[in-house]
Amino acid sequence: MARDARRAREFEAFVAGAAGRLLHAAMLLTAEAPDANPRARRLLTLALAHTYARWDRLRGEDPYDCARQYLTTRFARTTWHRYGAFGRARPDPRSPLAALTPRERLVLVLRFYEGVAEEQTAALLGLPTERVHALCDRATADVLHPARPAVRRAANTGAAPS
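Only a predicted model underlies this, so the values are computations on that prediction, with no experimental measurement involved. (Residues numbered from 1 in each chain as written. Predicted model: local features only at pLDDT ≥ 70, side-chain atom pairs only at ≥ 80, totals over all residues. Heavy atoms only, no water.)

Got a sec to walk through the overall build of the protein? Specific residues and values, please.
In terms of regular secondary structure, the protein is built from 8 helices and 0 strands. Overall, the protein shows an N-to-C arrangement of helices and strands of α-α-α-α-α-α-α-α. By residue count, 43% of the 162 residues in the protein fall in the buried class. Contacts spanning at least 24 positions in sequence make up 59% of the contacts within the protein whose residues lie at least 6 apart. (Helix = DSSP H or I, 4+ residues; strand = E, 2+ residues; numbered from the N terminus. Buried < 20%, exposed > 50% of the residue type's maximum accessible area, 1.4 Å probe, protein only. Contact = heavy atoms within 4.5 Å.)

This is how it looks when you write it as C-alpha cells:
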C-alpha cells in the first residue's frame, strides 16, 4: 500500500513538471491551436498512460524520455500509416507548422523543440541520418520562408504558385 502511494506521488510530481511541455510538443506535432487541441491531448494522455504503466521498470531511465518517445512514435505510426484521427485530421491554419508534412513537423519538434540529436532522431524514427538532416533543412526553410511550400508544390505540379 505504501509503495503504491509513493508510486502515485512520484508520478503525479512527474506529470506536474512534464505535462505542459509534452502537451506543447504534441500540439506542435498535430499543428493544433492552443485553445482547440483534442488530438494533442489524446497523444499526451496515451504517452502518460504508457509511462505510468512502465513506471516501476524505468529504474534510472528518464521518465520524460520515455513519455516523449511514446508520444512521437505514436504520432508517427498513426500519421504515416493513416490509422486513426491523427492521419486524417487537417492542421489548424493558424499553427506556424501547419504547412509542413507530419514527418517534417515530427523532425522539427524532436530536433529543435526537444533538442534531440540528429542521430538519436534518426534512430527513434527508423530513418537514415541523412534523411533526417534533409527533412529538417527543408522544414526549417519552409517555416522561415512561408511562401516556399506553395512554390515547391507548384514546381512539383508544373502550375504557377498561388
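Explain the pattern of salt bridges residue by residue, including any values.
Tallied over the entire structure, the rule returns 8 salt bridges. Residue Glu-114 pairs with Arg-68 through a salt bridge whose shortest N-O separation is 3.2 Å. Taken together, the residues Glu-114 in the loop between helix 5 (102–113) and helix 6 (118–125) and Arg-68 in helix 3 (residues 63–80) connect sequence positions 46 residues apart. Overlapping salt bridges, with partners in common, bring together Arg-21, Asp-65, Arg-68 and Glu-114 in one network. (Salt bridge = Lys/Arg side-chain N within 4 Å of Asp/Glu carboxyl O.)

Residues and numbers for unusual backbone geometry, please.
One non-glycine residue, Ala-31, lies in positive phi territory at about 55°. Note that Ala-31 resides in the loop between helix 1 (2–30) and helix 2 (38–54). A positive phi is found at Arg-59, a non-glycine position, where the angle reads about 25°. Residue position: Arg-59 is located in the loop between helix 2 and helix 3.

I'd love a proper account of helix 2, names of residues and values included.
Compared with an ideal rise of 1.5 Å per residue, which puts 17 residues at 24 Å, helix 2 spans 24 Å between its outermost C-alpha atoms and is within 8% of the ideal. Those residues of helix 2 lying buried are Arg-39, Ala-40, Leu-43, Leu-44, Leu-46, Ala-47, Leu-48 and Thr-51. (Expected span 1.5 Å × (residues − 1).)

An account of helix 6 is requested, with residue identities and associated values reported.
Considered for burial, the residues of helix 6 that qualify are Glu-118, Thr-121, Ala-122 and Leu-125. Axial view of helix 6: buried residues confined to an arc of 100°, hence all on one face. What points out from helix 6, more than 90 degrees from its buried face, is the exposed set Glu-119, Gln-120 and Ala-123. Count one or two residues on from helix 6 and you reach Gly-126, which has phi positive near 70°. (Arc of directions from axis to C-beta.)

Go over the packing of helix 1 against helix 2 with me, naming the residues and quoting the values.
Put simply, helix 1 and helix 2 touch, their axes get as near as 9 Å, and they point 145° apart. The hand of the helix 1/helix 2 crossing is right-handed. Counted together, Arg-7, Phe-11, Phe-14, Val-15, Ala-19, Leu-22, Leu-23, Ala-26, Met-27 and Thr-30 of helix 1 and Arg-39, Ala-40, Arg-41, Leu-43, Leu-44, Leu-48, Thr-51, Tyr-52 and Ala-53 of helix 2 form the full contact between these two elements. (Axes fitted to C-alpha atoms, helices over the stretch in contact; angles between N-to-C directions. Left-handed = near helix turned anticlockwise from the far one by under 90°.)

Account for the nonpolar core, naming residues and giving values.
Judged by nonpolar contacts, the single largest core of 40 residues is most densely connected at Phe-14, Leu-22 and Leu-106. For this core, the elements supplying multiple residues, two or more each, are helix 1, helix 2, helix 3, helix 5, helix 6 and helix 7 (129–144). Here the element with the most residues in this core is helix 1; it accounts for 10 residues. (Core = buried A, V, L, I, M, F, W, Y, C linked by side-chain atoms within 4.5 Å.)

How would you summarise the environment of Cys-66 if you had to cite specific residues and measurements?
Note on placement: Cys-66 falls in helix 3. Judged by its relative accessible area of 6%, Cys-66 falls in the buried class. Sequence separation between Cys-66 and Arg-54 is 12 residues, and the spatial gap between their C-alpha atoms is 8.8 Å.

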